[in-house]
Amino acid sequence: MEETWLAVDRFISDLLVPEDPVLEESLAAAAAAGLPDIQVAPNQGMLLHLLARLKGAKRILEIGTLGGYSAIWLARALPEGGRLVTIEAEPRHARVARQNLSRAGLGGVVEVREGRAADVLAQMLTEGDETFDLVFIDADKRNTPLYFSYALRLTAPGSLIVVDNVVRRGALADAQSTDEDVQGMRRFLRELAREPRVRATALQTVGSKGYDGFALALVLAGEASA
Ligand code: SAH
Ligand code: DHB
Ligand code: MG
């Protein structure tokens, strides 16, 4: 990774992301349990938190929990009575996340649903629960198009859908890539472009998490249909 990216991320995070023992402990606990170091960066966590607050989100859905780091950032943006549901396939990750979330005082606010996202999302649709104001998609990249289609069905006009890891070191622009995750993201962006129910963009990011990016999609009023 480029040294400058790291130096600038440190400069930004040192200034704008307050030191936070709970978040730091969650990272330490995830590392100690052998979880991969692939959670969002601190300044990206703050971005998710700000987006949730801008949205006034009362109900948030996350797909891909890992150790609960991004979930803590998002859940802390919720008002009294708000809820976050986060989906995780790996029992070990879910266990660490539950511990981290309860240490953060968020055990009663966040529900970690264990299982493959495709199964859990299908189940959530049949449960016919309330819709979500914000969805953060951050699981297995190849299935992002599927998760996005579920997100559209689990949101309402005005909801925001955020997708992590859309750029993958620039591989997004490589039509010849044989990486299924890259092809998944290329397909996701093509589907996003064709989807009349959203207005969307994607941004490249560099920093402590390397070179990657986010997509943001606002669910529109009017055209919404099943
Ligand atoms: N959002 C987290 C990082 C998530 S990393 C953060 O920023 O803090 C991606 C997570 O998705 C991993 O924990 C992985 O186990 C999980 N995952 C991968 N495939 C999945 C699937 N099919 N269903 C649910 N979770 C999955
Ligand atoms: C990686 C990064 C992520 O943010 C993620 O959600 C999954 C994997 C990675 O760098 O491999
Ligand atoms: Mg990610």
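One structure accompanies this document, and this report is about it. (Residues numbered from 1 in each chain as written. Chains lettered and ligands numbered in written order. Predicted model: local features only at pLDDT ≥ 70, side-chain atom pairs only at ≥ 80, totals over all residues. Heavy atoms only, no water.)

1. A few points about the sheet that holds strand β3 (residues 110-114)
- Pairing is mixed across the open sheet formed by 7 strands, whose spatial order is β3-β2-β1-β4-β5-β7-β6. The strands lining the two open edges of the sheet, one partner per strand, are β3 and β6 (198-207). Neighbour to neighbour, the strand axes of the sheet diverge by 15° on average, direction disregarded.
- Bridging between strand β1 (residues 59-63) and strand β2 (residues 83-88) involves 5 bridges; their strand directions are parallel. By the bridge assignment, I60 is partnered in β2 with L84.
- The strands touched by helix α3 (residues 42-55) within the sheet are β1, β4 (132-137), β5 (155-164), β6 and β7 (210-219), with β5 carrying the most contacts at an inclination of about 175°. (Pairing = 2+ DSSP bridges. Helix = DSSP H or I, 4+ residues; strand = E, 2+ residues; numbered from the N terminus. Axes fitted to C-alpha atoms, helices over the stretch in contact; angles between N-to-C directions. Contact = heavy atoms within 4.5 Å.)

2. Focus on the site of ligand 1
- Inspection of the region around ligand 1 gives 21 residues, with G64, E88, H93, A117 and D138 positioned closest.
- Take G64: an N or O atom from its main chain is 2.8 Å from a nitrogen atom of ligand 1.
- D138 is positioned such that a nitrogen or oxygen atom in its side chain is 2.8 Å from a nitrogen atom of ligand 1.
- A per-class count over the shell around ligand 1 returns 9 nonpolar, 6 polar and 6 charged. (Near = heavy atom within 4 Å. Polar contact = N/O pair within 3.5 Å; in protein donor to acceptor, adjacent residues only side chain to side chain. Nonpolar A, V, L, I, M, F, W, Y, C, P; charged D, E, K, R; others polar.)

3. Topic: the coordination of the magnesium ion (ligand 3)
- Those protein atoms acting as donors to the magnesium ion (ligand 3) are D138 (OD), D164 (OD) and N165 (OD1), and they sit at 2.0 to 2.2 Å.
- Sequence positions of the donors to the magnesium ion (ligand 3) reduce to the motif D-x25-D-N. Taken together, the residues D138 in the loop between β4 and α7 (144-153) and N165 in the loop between β5 and α8 (180-194) connect sequence positions 27 residues apart.
- On the accessibility criterion, D138 (13% relative accessible area) is buried. (Donors = N, O, S within 2.8 Å, 3.2 Å for Na, K, Ca; no water. Buried < 20%, exposed > 50% of the residue type's maximum accessible area, 1.4 Å probe, protein only.)

4. What to know about the site of ligand 2
- Taken together, I38, D138, K141, D164, N165 and R168 make up all the residues around ligand 2.
- K141 is positioned such that a nitrogen or oxygen atom in its side chain is 2.9 Å from an oxygen atom of ligand 2.
- In this structure, D164 approaches ligand 2 through a side-chain N or O atom, which is 3.2 Å from an oxygen atom.
- If ligand 2 stood free it would expose 290 Å²; the protein chains cover 65% of that surface.
- Broken down by class, the residue content of the shell around ligand 2 amounts to 1 nonpolar, 1 polar and 4 charged. (Areas by Shrake-Rupley, 256 points an atom, 1.4 Å probe, with all protein chains shown as cover.)

5. Points about the pattern of salt bridges
- Applying the stated rule across the entire model yields 12 salt bridges.
- Of the charged contacts in the structure, one is a salt bridge between R98 and E114, with a shortest N-O distance of 3.2 Å. A residue pair is termed long-range when its members are at least 10 positions apart, and R98 in helix α5 (residues 91-103) and E114 in strand β3 qualify at 16 residues.
- R98 gets classed as partly exposed once you look at its relative accessible area, which sits at 37%.
- Residue class for E114 comes out partly exposed when judged on its relative accessible area of 40%.
- Here D212 and R168 are joined by a salt bridge, their closest N and O atoms 3.3 Å apart. Within this pair, whereas D212 is found in strand β7, its partner R168 is found in the loop between β5 and α8, the two being separated by 44 residues in sequence.
- Connected through salt bridges with shared partners, the residues R142, E180 and D181 form a single ionic network. (Salt bridge = Lys/Arg side-chain N within 4 Å of Asp/Glu carboxyl O.)

6. Some words on the environment of D129
- One can find D129 in the loop between α6 (117-127) and β4.
- For the pair formed by D129 and Y150, sequence separation is 21 residues and the distance between their alpha carbons is 13 Å.
- Excluding residues within four positions of it along the chain, D129 makes contact with R59 and M124.

7. Overview of the side chain of K141
- As for its position among the elements, K141 is in the loop between β4 and α7.
- Among the polar contacts listed, one links the side chain of K141 to the backbone oxygen of A139, at a separation of 2.9 Å.
- With sequence-adjacent residues up to four places away left out, K141 is seen in contact with D164, N165, R168, D181, G184 and M185.

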